[in-house]
Amino acid sequence: MSEDRERPVRVVLADDEAMVRAGVRAILAADPGIEVVGEAADGREAVELVRAHRPRVALLDIRMPRLDGIGAAAEIRRLVPETASVMLTTFGEDDHVARALGHGASGFLLKAGDPRELLAGLRAVADGGAYLSPRVARRVIELTGGRLARGPYARDRLGGLTERERQVLALVGAGLSNAEIARRLHLVEGTVKSYLTSIFTRLDVRNRVQAAILAYEAGLVPPTG
């Protein structure tokens, strides 16, 4: 495990705009702990590159020809489940973001966001966490009725969780990986995984991103950004 963490995070980058790819690649290249092992101009090519290189993260634009990022994420999840998918999005793609929530994406980042957020989000996902740009998280919550409107409903759903499960969920909402949660709460990583299994079952959510959004709605994660 420690040897794995010392290796660069291998990434496949997919965007149909060459200038966007160049900009994102430059940001990633500034971090010696990240290695871009392939670039694609469409979703189908991205899936093939992921199959060939088996990176830890696929960074996918939502809108691409041949196969969009959501379709590519679903294919990657089916064919190479060890590769996590992170969606690159812009405001105005609300319907796509809402769809992607159910297709296994582990993160959502804004193309026009802070480069430090891109690196932090990618690393969080590579370590097994989930990451939502705070602005994306707020927008998703607005789409589903707003934090204030959904707060009572979300808090009611969390009513069956133990105090420790609530603590774990809050840290999932903050984007922490299992290892980081274990360190923060002085637990072993296997115990964190057991808590997450229980949390997902009790809340009837499919993945960390959906759990993170529920944590935002319930007010477990302070609004930021």
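Structure's up top.
Notes on the structure follow. Keep in mind the model is a prediction, meaning the values are calculated, not measured.

1. A few points about the sheet that holds strand β5 (residues 107-110)
Phase 1: With parallel pairing, six strands are arranged side by side in an open sheet as β2-β1-β3-β4-β5-β6. Each of the sheet's edge strands pairs with one partner strand only, and the pair in question is β2 (34-40) and β6 (131-132).
Phase 2: Its contacts with the sheet place helix α2 (residues 18-29) against β1 (9-14), β2, β3 (57-61) and β4 (84-89), and it is angled at close to 165° to β2.

2. Observations regarding unusual backbone geometry
Phase 1: A positive phi is found at Arg 54, a non-glycine position, where the angle reads about 50°.
Phase 2: By relative accessible area, which is 43% here, Arg 54 ends up partly exposed.
Phase 3: Although it is not a glycine, Arg 66 sits at a positive phi angle of roughly 65°.
Phase 4: Following the sequence through the fold, Arg 66 ends up in the loop between β3 and α4 (69-79).

3. Here we look at the pattern of salt bridges
Phase 1: Overall, the coordinates contain 13 salt bridges when judged by the stated rule.
Phase 2: Residue Glu 39 is joined to Arg 21 by a salt bridge in which the shortest nitrogen-to-oxygen separation is 3.4 Å. One end of the pair, Glu 39, is in strand β2; the other, Arg 21, is in helix α2, with 18 residues separating them in the sequence.
Phase 3: The partly exposed category is assigned to Glu 39, whose relative accessible area is 29%.
Phase 4: A single network of salt bridges, built from pairs that share partners, joins Asp 15, Asp 61 and Lys 111.

4. Here we look at the packing of helix α9 (residues 163-173) against helix α12 (residues 208-217)
Phase 1: Interhelical geometry of α9 versus α12 gives an angle of 105° and a closest axis separation of 8 Å. When the interaxial angle is binned, α9 and α12 end up roughly perpendicular. Every residue of α12 that contacts α9 at Leu 169, Val 172 and Gly 173 is listed here: Arg 208, Ala 211, Ala 212, Ala 215 and Tyr 216.
Phase 2: Across the contact of α9 with α12, the residue classes break down as six nonpolar, one polar and one charged.

5. Considerations on helix α10 (residues 178-185)
Phase 1: Buried within α10 are the following residues: Asn 178, Ala 179, Ile 181, Ala 182 and Leu 185. Down the axis of α10, the smallest arc covering the buried residues is 160°, so these residues share one side. Residues of α10 that are exposed and point more than 90 degrees away from the buried face comprise Arg 183 and Arg 184.
Phase 2: One or two positions beyond α10, positive phi appears at His 186, with a value near 60°.

6. Digging into the nonpolar core
Phase 1: Core analysis: the biggest nonpolar cluster contains 28 residues, and Leu 60, Met 87 and Phe 108 have the highest contact counts within it.
Phase 2: Beyond its immediate stretch of four places on either side in the chain, Leu 60 contacts Ala 14, Ala 46, Gly 69, Ala 72, Ala 73, Ile 76, Ser 85, Val 86, Met 87 and Leu 88.
Phase 3: Ranked by size, the runner-up nonpolar core spans 23 residues in total, among them Leu 169, Ala 211, Ala 215 and Tyr 216.

7. Notes on α9
Phase 1: For α9, the complete set of buried residues consists of Glu 165, Val 168, Leu 169, Ala 170, Leu 171, Val 172 and Gly 173.
Phase 2: Here the buried face of α9 lies against α10, α11 (189-203) and α12.
Phase 3: Just beyond α9, the residue with positive phi is Gly 175, at close to 90°.

What counts and what doesn't
Residues numbered from 1 in each chain as written. Predicted model: local features only at pLDDT ≥ 70, side-chain atom pairs only at ≥ 80, totals over all residues. Heavy atoms only, no water. Pairing = 2+ DSSP bridges. Helix = DSSP H or I, 4+ residues; strand = E, 2+ residues; numbered from the N terminus. Contact = heavy atoms within 4.5 Å. Axes fitted to C-alpha atoms, helices over the stretch in contact; angles between N-to-C directions. Buried < 20%, exposed > 50% of the residue type's maximum accessible area, 1.4 Å probe, protein only. Salt bridge = Lys/Arg side-chain N within 4 Å of Asp/Glu carboxyl O. Parallel < 35°, antiparallel > 145°, perpendicular 65-115°, else oblique. Nonpolar A, V, L, I, M, F, W, Y, C, P; charged D, E, K, R; others polar. Arc of directions from axis to C-beta. Core = buried A, V, L, I, M, F, W, Y, C linked by side-chain atoms within 4.5 Å.

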